[in-house]
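So you can see what is in the structure, the chains are spelled out below.
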Amino acid sequence: MVTHLFADGIEDASDDEDEEGWASVSAADAIDLRYGFPFPESLPNEGLVAAAEAVFEAEGDVALQYLGGEYADRLDGVIAARERERGVACEAENVAVTSGSTHAIDLVCRVFLDPGDVVFTEAPTFMAVLDRFEDRGAAVAGLPVDENGLDVEAVADELAAREARGEPLPKLLYTIPTFHNPTGTTLPAARRRRLLDLAAQYDFVVLEGDAYGDLRYDGERVPPLAALDEAGRVVRVSTFSKTIAPGVRTGWVVADDAVVARVDRLNAGGVNRFTKAVVSRYVADGGFEAALDGLRASYARRRDRLLDALDGHLPEATWSEPDGGFFVWVTLPEDLDSAALLPDAVDEGVAYLPGAHFSPAKEESSSLRLAFSHAPPDDIERGVAALARATRAATE
Ligand SMILES: Cc1ncc(COP(=O)(O)O)c(C=O)c1O
């Protein structure tokens, strides 16, 4: 055994006690509305085969070599151009390509966080990211979310209170301002500006996670935080996991070039260049843009099916109505504990992720997340009917 030789902090990282209980419930026979996987027919197998063939044809002598060919090199520029279309001031040197945005966040944490540093996040938030903060030994504080995303005035109050008490202020605030995971909410532009003012006033980094920004189905686009940032305080991370495929696991950091240089160094040789080349060619050939409208239409139909099913089967609950992304956040009636209800829901035929899973403080919650991205639409409807049966049985 070599476990006693682990580096400091690593043992904590493998401590998954919080996952006992509801996480051991087998969902094998249930309709699975737990995870934000893209639906199978959305994955562009043929487009990626064609892009891979084109890469071999154009640069076969170097396509699999350490340094790769031009397609791999061009990906930073391809991403920078798409970021500029979203209003973000970005050149290729402001982009670091990573193995997905979770990896991007890990690298950003390594650039900024020392043990004991304070990180603010939304509560609830995307759980995989909490592990990244904990691995760095950071102290995570959750801030509330309402129907318009992060409650920025609550952030302001918490900052002022900490300052008054002489307590540590955050070094970094992680937010998912657009189609938040898990609540589906979007932060309005005015709150975005106020958040950036607070970042300047209290001197912290804003880490903007934008995995779903391209998947808007209704409403007006809101500028990314990075587009509103004139002070270089926003570090933005995004990904092709939801819009091309999780299997290419290609994401990126957009930031000031000094930050990007540190991220690139920590990236230790970088992301595999063959995947970069294939993704770069796929996007450059127009396959990506051409597929996006179809994806948006399909996801919008799934979302509508879920919202209609909630209306029809579970009117005693409340839920978010997201304009994009993959998730609806449902709050059960009568303060039912969504983790305690899960085994009964699975017996009725549906699996979801309970709110406690997304809580930095692991708090009990009457809310739960339903993903509409993966299950077939008829199953989404049946899954909500099963949730309604379990809810009624528990409240009778
Ligand atoms: C907000 C958010 N960021 C990142 C990810 C994961 O992205 P990646 O697959 O690029 O790590 C997800 C979902 O899986 C997510 O919801």
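Refer to the structure printed above.
The structure displayed is predicted, hence computed values, not measured ones. (Residues numbered from 1 in each chain as written. Predicted model: local features only at pLDDT ≥ 70, side-chain atom pairs only at ≥ 80, totals over all residues. Heavy atoms only, no water.)

A few words now on the site of the ligand. Taken together, 13 residues are adjacent to the ligand, and S101, T102, Y212, T239 and S241 come closest. Between the ligand and the protein, one listed contact pairs an oxygen atom with a side-chain N or O atom of T102 at 2.6 Å. Y212 has a polar side-chain atom sitting 2.5 Å from an oxygen atom of the ligand. Contact with the protein chains hides 91% of the accessible area of the ligand, taken as 400 Å² for the molecule alone. Along the lines of polarity and charge, the residues of the shell around the ligand split into five nonpolar, six polar and two charged. (Near = heavy atom within 4 Å. Polar contact = N/O pair within 3.5 Å; in protein donor to acceptor, adjacent residues only side chain to side chain. Areas by Shrake-Rupley, 256 points an atom, 1.4 Å probe, with all protein chains shown as cover. Nonpolar A, V, L, I, M, F, W, Y, C, P; charged D, E, K, R; others polar.)

With that settled, consider the packing of helix 11 (residues 287-313) against helix 13 (residues 377-395). Each pair of packed helices can be summarised by the angle the axes make with each other and by the distance between the axes. Running from N to C, helix 11 and helix 13 cross one another at 30°; their axes reach a closest spacing of 9 Å. Classified by the angle their axes make, helix 11 and helix 13 are roughly parallel. Relative to helix 13, helix 11 is oriented so that their crossing is right-handed. Across the interface between the two elements, R302, R305, L306, A309, L310 and H313 of helix 11 pack against P377, D378, I380, E381, V384, A385, A388 and R392 of helix 13. Across the contact of helix 11 with helix 13, the residue classes break down as eight nonpolar, one polar and five charged. (Axes fitted to C-alpha atoms, helices over the stretch in contact; angles between N-to-C directions. Helix = DSSP H or I, 4+ residues; strand = E, 2+ residues; numbered from the N terminus. Parallel < 35°, antiparallel > 145°, perpendicular 65-115°, else oblique. Left-handed = near helix turned anticlockwise from the far one by under 90°. Contact = heavy atoms within 4.5 Å.)

So, about the packing of aromatic side chains. Applying the stated criterion across every chain yields a total of 12 aromatic pairs. Ring plane angle 75° and centroid distance 5.2 Å describe the contact between F39 and Y299, whose orientation is recorded as edge-to-face. You can see F39 sitting in the loop between strand 1 (31-32) and helix 2 (45-59) and its partner Y299 sitting in helix 11, a full 260 residues away along the chain. As far as burial versus exposure is concerned, F39 and Y299 are alike and both buried. For the ring pair F56 and F274, a centre distance of 5.1 Å and an interplane angle of 35° mean the geometry is tilted. (Phe/Tyr/Trp six-rings, centres within 6.5 Å; stacked < 30°, edge-to-face > 60°. Buried < 20%, exposed > 50% of the residue type's maximum accessible area, 1.4 Å probe, protein only.)

Turning next to the nonpolar core. Grouped together as the largest cluster of nonpolar side chains are 121 residues, with contacts concentrated most on F133, F240, I244, V253, L310 and L370. If one sorts the elements of this core by residue count, helix 11 sits on top with nine residues. Shared between two domains, this core takes at least three residues from each, and those domains are domain 1 (26-43 + 290-395) and domain 2 (46-285). Contact partners of V253, with chain neighbours within four places excluded, come to N94, V95, A96, T98, A104, V108, V235, R236, V237 and V263. Counting five residues, the second-largest nonpolar core is a separate cluster that includes V55, A63, A72 and A277. (Core = buried A, V, L, I, M, F, W, Y, C linked by side-chain atoms within 4.5 Å. Domains from an automatic or database assignment.)

A negative phi angle is the norm for most residues apart from glycine, just as the trans form is the norm for most peptide bonds. Cis rather than trans, the peptide bond between A123 and P124 has omega equal to 10°. Its location among the elements puts P124 in the loop between strand 3 (118-123) and helix 5 (127-135). The omega torsion across N181 and P182 is 15°, close enough to zero to call that bond cis. Structurally, P182 can be placed in the loop between strand 6 (170-175) and helix 7 (189-202). Positive phi, normally seen in glycine, also occurs at A268, with a value near 45°. For A268, the position within the fold is in the loop between helix 9 (257-266) and helix 10 (273-284). Of note in the backbone geometry, E334 takes a positive phi value of approximately 55° without being a glycine. Tracing the chain through its elements places E334 in the loop between strand 11 (327-331) and helix 12 (338-348).

Once that is clear, we can look at the sheet that holds strand 13 (residues 353-354). The strands making up a sheet associate through hydrogen bonds between their backbones, and the pairing can be parallel or antiparallel. Taken together, four strands build an open sheet; the order of strands is 10-11-14-13 and the sheet is antiparallel. This sheet does not close on itself; its edge strands, each paired only once, are strand 10 (318-319) and strand 13. Relative to strand 14 (residues 367-371), strand 11 runs antiparallel, the two being bridged by five bridges. Within the sheet, the bridge partner assigned to V328 lies in strand 14 and is L370. (Pairing = 2+ DSSP bridges.)

Summarising burial for strand 7 (residues 205-210): six of the six residues are buried, a large majority. Neither face of strand 7 is left uncovered, since the one carrying V205, L207 and G209 and the one carrying V206, E208 and D210 both have all their residues buried. Across four bridges, strand 6 lies against strand 7 in parallel orientation. Within strand 7, the residue paired with L172 across the bridge is V205. For the segment spanning strand 6, helix 7 and strand 7, crossover handedness is right-handed. Strand direction decides the pairing type here: strand 7 and strand 8 (residues 234-239), joined by five bridges, are parallel. (Right-handed = clockwise from strand over helix to strand, strands pointing away.)

Once that is clear, we can look at helix 11. In a regular helix each residue adds 1.5 Å, so 27 residues correspond to 39 Å; helix 11 covers 39 Å between its end C-alpha atoms and thus fits that length. Listed in full, the buried residues belonging to helix 11 are F288, L292, L295, S298, Y299, A300, R302, R303, L306, L307, A309 and L310. For helix 11, the elements touching its buried residues are helix 3 (70-85), helix 10, strand 10, strand 11, strand 14 and helix 13. (Expected span 1.5 Å × (residues − 1).)

In short, shape yes, function no, at least from these values alone.
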